[in-house]
Amino acid sequence: MQPSKPLCLCGFMGAGKTTLGDLFSKKYHLTFQDLDHALEKELGMNVTEIFETQGEEYFRKKESELLKLLINQYNIIALGGGTLLDESNLNLLLERSKLVYLNKSFTDLPKELPNRPLLSEESQRFLFEQRLPGYLKAPYTLDLQQLDESEIHGKLWQIWSE
Ligand code: S3P
């Protein structure tokens, strides 16, 4: 099979991007990277520490730089919940990847999550509404509430192999 464009998973914090990317990649022997984890490894700090010591602007700059590299290196990438806020990230992803939105309704998202600096500062609803227009630009959507795990994997495989 011809190598596909990478699958890039977007969606709000707690939608399950990392878990799905990890499970799916193991099942189909594909390579996987999580953008936040790659950033943490590169900077030697967790996301909360990066926000606290360097600020959000620095985090976003590093996030964009790393995305440009990883998009050429992995089959599947779990993006950060705010990656699409940057229009150049969004355009890169639309052009060079298969961008998939993991759609979970606001009420089904977890209300507390570890190592998410923004959640403690601003209301989750505000962030969700700010990010949603970006997610809705993804050409593929998986409605997580309507599908069980094997259906989600099946749909993702279809997207990957088309
Ligand atoms: C963020 C989401 C987080 C992480 C950072 C900022 C956001 O990623 O990149 O805390 O702005 O929505 P996850 O969606 O993986 O939690």
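Below, the structure is looked at part by part. As the structure is a prediction and not an experimental result, all values here were calculated from the model. (Residues numbered from 1 in each chain as written. Predicted model: local features only at pLDDT ≥ 70, side-chain atom pairs only at ≥ 80, totals over all residues.)

Here we come to unusual backbone geometry. Phi at His29 takes a positive value of approximately 55°, unusual for a residue other than glycine. Considering the arrangement of structural elements, one finds His29 in the loop between α1 (17-27) and β2 (32-34). (Helix = DSSP H or I, 4+ residues; strand = E, 2+ residues; numbered from the N terminus.)

Take the site of the ligand next. The full set of residues close to the ligand is Met13, Lys17, Asp36, Val47, Gly80, Gly81, Gly82, Arg116, Pro117 and Leu118. Each residue belonging to the shell around the ligand can be placed in one class, and the counts come to four nonpolar, three polar and three charged. (Near = placed C-beta within 6 Å. Nonpolar A, V, L, I, M, F, W, Y, C, P; charged D, E, K, R; others polar.)

Burial along strand β1 (residues 7-10) is two-sided: the residues Leu7 and Leu9 and Cys8 and Cys10 are all buried. Summarising the sheet, β1 and strand β4 (residues 98-103) pair through four bridges and their orientation is parallel. Looking across to β4, one finds that Leu9 is bridged to Val100. (Buried ≥ 20, exposed ≤ 12 C-beta atoms within 10 Å, placed from the backbone. Pairing = 2+ DSSP bridges.)

The subject of this paragraph is the packing of helix α2 (residues 35-43) against helix α4 (residues 56-70). Between α2 and α4, the least distance of the axes is 10 Å, while the angle of their chain directions is 110°. With respect to each other, α2 and α4 are oriented roughly perpendicular. Across the interface between the two elements, Leu35, Ala38, Leu39, Glu42 and Leu43 from α2 touch Lys62, Glu63, Leu66, Leu67 and Leu70 from α4. Per-class residue counts for the contact of α2 with α4 are seven nonpolar, no polar and three charged. (Axes fitted to C-alpha atoms, helices over the stretch in contact; angles between N-to-C directions. Parallel < 35°, antiparallel > 145°, perpendicular 65-115°, else oblique. Contact = placed C-beta atoms within 7 Å.)

Read these as spatial facts, not as claims about activity.
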